Amino acid sequence: MNLVRDRTVQGLTLALGVMLIVSALVPSWIVNQLLFAFSRAIVVLGLLVLWRTRLVSFGHALYFGLGAYTVAMTSRYTGVNDAFALLGAAALLSTVVGFFVGFIIRRYRDIFFAMLNLAFSMILYGILVKTEALGSTDGFTIEQPTFAGIAFEDPSEGKLALLCLLMVVGWAVAVGVQAYLRSTLGRLTTAIGDNEIRVEYLGYSAEHAIHIKYVLSTFLAGLGGGFMALALGQVDPDSMVNWTASGELVFVTILSGPGSVAAPFIGSFVFEILRTYAFEWMPHAWQMIVGGTLLIVIFFMPGGLWGLVSGVAQRLTRRRPAAAAPGAGG
Amino acid sequence: MPPPILDVRNLHKNFGAVTAASNINVSFTAGETVGIIGANGAGKTTFVNMITGYLKPTRGAILYRSREITGLPPRSIARLGICRSFQVSQVFVSLSVLENLLTAVAIASSPGLGMLRPLRRPELIERAERIMERYRIAAFRDQLASELSQGARKLLDIAMAVAGGPKILLLDEPTSGISTEEKQPLMDVVMEALKQDELTILFVEHDMEIVERYVDRVLAFYQGEVICDAPPAEALRDPKVQEFVIGGEYQAGGGHA
């Protein structure tokens with residue numbers, strides 16, 4: 001089946017068109033929410049690829065933070081301030097690091113895979129906190145970027161331009177991941193999760209396949225981190241690299257569900273809104289609301305929000321022919 | 001005499017103080033069907049595991065078409081043309097029967113960057129469907145592998161092993177876990193389907209009726225050694241085989257006294 005005829009790709013394309021129009025009409029606080037949500041969604045897309053192989057990473061803030069800090073440091077120390085170059089550098093560095101770390105990680109499964117990633121991220125966290133030249137605990141602020149040489153004087157216009165770029169890049173990576181998941185290599189995500197031994201005896205290295213998935217996820221994490229840094233206008237170790245940032249990414253992955261490449265975008269947006277309002281209602285106990293939501297998802301929605309959405313859609317499409325039947329008879 | 005397709009020389013395998021394989025010297029010619037028999041712990045599966053790369057021999061050599069494959073990983077050996085099925089069926093339980101076979105066919109026919117091509121390609125689907133027909137599992141095409149009966153799952157496991165077009169197929173107890181009445185029909189389906197591929201088949205089996213009916217040659221194992229290598233009529237009447245493998249005198253047509 002051609003990718004153009006893929007219903008998920010068609011849906012994503014339609015959503016991109018609608019969102020590009022809507023984003024120009026919404027207030028700036030929603031633009032910010034969308035920036036944070038979609039930046040995180042790109043990272044979660046990578047975690048979704050791993051999750052389909054039944055691998056969970058508790059340390060992807062390592063690559064998220066690497067991406068964010070690459071943007072900040074490149075901007076600060078080289079004077080390069082174009083969003084395309086900064087994001088390219090963020091994605092490249094995290095991919096290169098992911099490629100080398102992947103040689104170690106690919107040999108581990110289950111809790112060891114999850115915790116080894118966490119261990120690596122904590123090393124980066126420690127380095128950042130202890131190094132003045134890297135901003136220490138305060139981090140850095142980042143100047144508003146240009147876009148292929150175009151500078152926006154009004155910060156809100158700059159944010160809108162960044163959101164448009166983020167949505168186009170988000171669409172491109174989601175379509176790319178969809179194509180990957182439909183490929184033979186991508187379909188191995190489920191097969192490896194089921195039975196690595198069989199994959200080996202069919203003539204393919206499960207470790208090699210996991211390495212590719214891992215590097216793909218680190219590319220997406222770096223890219224998402226880069227966008228998040230530009231959206232926030234600053235980086236700091238606690239919100240970018242600490243284990244809580246990794247936990248947040250896992251939370252959004254579970255909330256989203258692994259059913260579709262569109263799920264991380266819905267899940268991330270819901271998470272952003274949930275956290276914002278939870279913080280507003282209960283500034284000192286907002287984690288309680290977020291934690292309660294996670295419990296509800298785990299107990300009642302194992303397929304995450306996407307499972308809920310697709311379940312409702314299935315019920316509606318099943319009802320339609322039944323409703324049409326009497327008319328057809330008459 | 002044609003050169004052997006598989007040549008096993010002086011193969012040993014120790015697990016600490018336990019000897020699982022000792023001084024195994026045996027060769028196989030293309031197209032023959034060999035039954036591997038022995039009591040539990042005799043070294044049959046260890047032998048299969050060494051040939052297919054799951055275990056590395058302590059010493060000795062395995063040559064496939066005169067090329068040494070000793071110690072190669074399973075995926076490399078599978079790529080060369082030696083595939084296997086398992087005592088406990090190894091299938092992808094979350095995938096449908098068609099997807100299981102598509103995965104097997106696609107891995108075999110998509111080296112390198114070909115793995116990035118879509119899995120559901122018409123030519124692959126056609127090949128997978130042909131295999132399903134041959135192994136009589138076409139009726140379960142869209143059923144999840146987890147929902148299959150034991151027999152159908154065995155057939156899928158074997159069908160996946162041959163999907164890549166191997167030259168040698170090792171079947172590890174293809175009838176284990178199958179009821180007595182189902183064994184023969186299952187083996188009829190398997191052997192009929194395999195006949196079309198002109199494979200060299202090595203299968204581990206406990207049921208002597210099955211061995212007598214389907215193999216050209218028998219290798220009997222006892223305490224890690226090959227104690228008999230002969231045609232079935234001769235092997236099943238060998239005193240050592242009767243004492244250490246069958247546990248009594250073998251009665252033609254089934255059972256033992």
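### Examining the domain arrangement of chain B
For an interface, size is often stated in terms of accessible area lost upon the parts coming together.
All names here are of chain B.
Next up, step 1: You can read the domains of chain B as domain 1 (1-81 + 166-257) and domain 2 (88-165).
Next up, step 2: Domain 1 and domain 2 are separated by 25 Å when their C-alpha centres are compared.
Next up, step 3: Across the domain 1 to domain 2 interface the summed buried area is about 1,300 Å²; carbon plus sulfur atoms make up 63%.
Next up, step 4: Three residues, Arg79, Pro166 and Val189, lead the burial of domain 1 against domain 2; their summed loss comes to 35% of the area buried on that side.
Next up, step 5: Where domain 1 touches domain 2, the interface holds zero salt bridges.
Next up, step 6: Put simply, domain 1 and domain 2 have four residue pairs in polar contact (both at pLDDT 80 or more) between them.
Next up, step 7: If you list the elements that add at least two residues to the side of domain 1 that touches domain 2, you get β7 (168-172) and α6 (180-195).
Next up, step 8: No other element matches α6, which puts five residues into the side of domain 1 that touches domain 2.
Next up, step 9: Broken down by class, the residue content of the side of domain 1 that touches domain 2 amounts to eleven nonpolar, three polar and five charged.

### Examining the sheet that holds strand β1 (residues 6-15) of chain B
By definition, the strands of a sheet pair up through backbone hydrogen bonds, in either a parallel or an antiparallel sense.
Residue and element names in this part refer to chain B.
Next up, step 1: Reading across the sheet, the four strands line up as β2-β1-β4-β5 and stay open at both edges, with antiparallel pairing between neighbours. The sheet is open, and its two borders are formed by β2 (18-28) and β5 (67-68), each paired with just one other strand.
Next up, step 2: Where β1 meets β2, seven bridges bridge the pair, whose relative direction is antiparallel. Residue phenylalanine 15 lies in a different strand from β2, and its bridge partner there is valine 18.
Next up, step 3: Along the sheet, helix α1 (residues 44-51) makes contact with β1, β2 and β4 (59-64), crossing β1 at roughly 115°.

### Looking at the interface of chain A and chain B
Next up, step 1: In this complex, chain A contributes 21 residues to the contact, which on the side of chain B involves 32 residues.
Next up, step 2: Overall, the association of chain A and chain B removes approximately 2,400 Å² of surface from exposure, summing both partners, and the carbon and sulfur fraction of that is 62%.
Next up, step 3: Put simply, chain A and chain B have three salt bridges between them.
Next up, step 4: The closest approach of N and O atoms between B:Asp157 and A:Arg198, which form a salt bridge, is 2.2 Å.
Next up, step 5: Remark: the boundary between chain A and chain B carries 15 residue pairs in polar contact (both at pLDDT 80 or more).
Next up, step 6: Elements that contribute at least two residues to the side of chain A that touches chain B include exactly α7 (184-194) and α8 (196-201) of chain A.
Next up, step 7: The residue makeup of the side of chain A that touches chain B, split by class, is nine nonpolar, six polar and six charged.

### Digging into the layout of surface pockets
Residue and element names in this part refer to chain A.
Next up, step 1: Within this model, the largest pocket holds a volume of roughly 1,400 Å³.
Next up, step 2: Forming the walls of the largest pocket are 41 residues, and the residues nearest its centre are Thr8, Ser260, Val261, Ala262 and Trp306.
Next up, step 3: Elements with a minimum of two residues in the lining of the largest pocket: α1 (7-23), α2 (28-52), α6 (155-182), α7, α12 (263-281) and α14 (304-329).
Next up, step 4: Partitioning the lining of the largest pocket into residue classes produces 22 nonpolar, twelve polar and seven charged.
Next up, step 5: Quantified by volume, the second largest pocket comes out at close to 220 Å³.
Next up, step 6: Arg40, Leu232, Ser239, Glu248 and Arg275 are the residues nearest the centre of the second largest pocket, which is lined by 14 residues in total.
Next up, step 7: With three residues, helix α11 (residues 243-256) is the single largest residue contributor to the lining of the second largest pocket.
Next up, step 8: Residue composition of the lining of the second largest pocket, by class: five nonpolar, three polar and six charged.

The rules behind each value
Residues numbered from 1 in each chain as written. Chains lettered and ligands numbered in written order. Predicted model: local features only at pLDDT ≥ 70, side-chain atom pairs only at ≥ 80, totals over all residues. Heavy atoms only, no water. Domains from an automatic or database assignment. Buried area = accessible area lost by both parts, 1.4 Å probe. Salt bridge = Lys/Arg side-chain N within 4 Å of Asp/Glu carboxyl O. Polar contact = N/O pair within 3.5 Å; in protein donor to acceptor, adjacent residues only side chain to side chain. Helix = DSSP H or I, 4+ residues; strand = E, 2+ residues; numbered from the N terminus. Nonpolar A, V, L, I, M, F, W, Y, C, P; charged D, E, K, R; others polar. Pairing = 2+ DSSP bridges. Contact = heavy atoms within 4.5 Å. Axes fitted to C-alpha atoms, helices over the stretch in contact; angles between N-to-C directions. 1 Å grid on protein atoms, 1.4 Å probe; cavity = no way out; pocket = protein on both sides within 12 Å on 5 of 7 lines; lining within 4 Å. Points joined across faces, edges and corners; volume = space filled by probe spheres on them.

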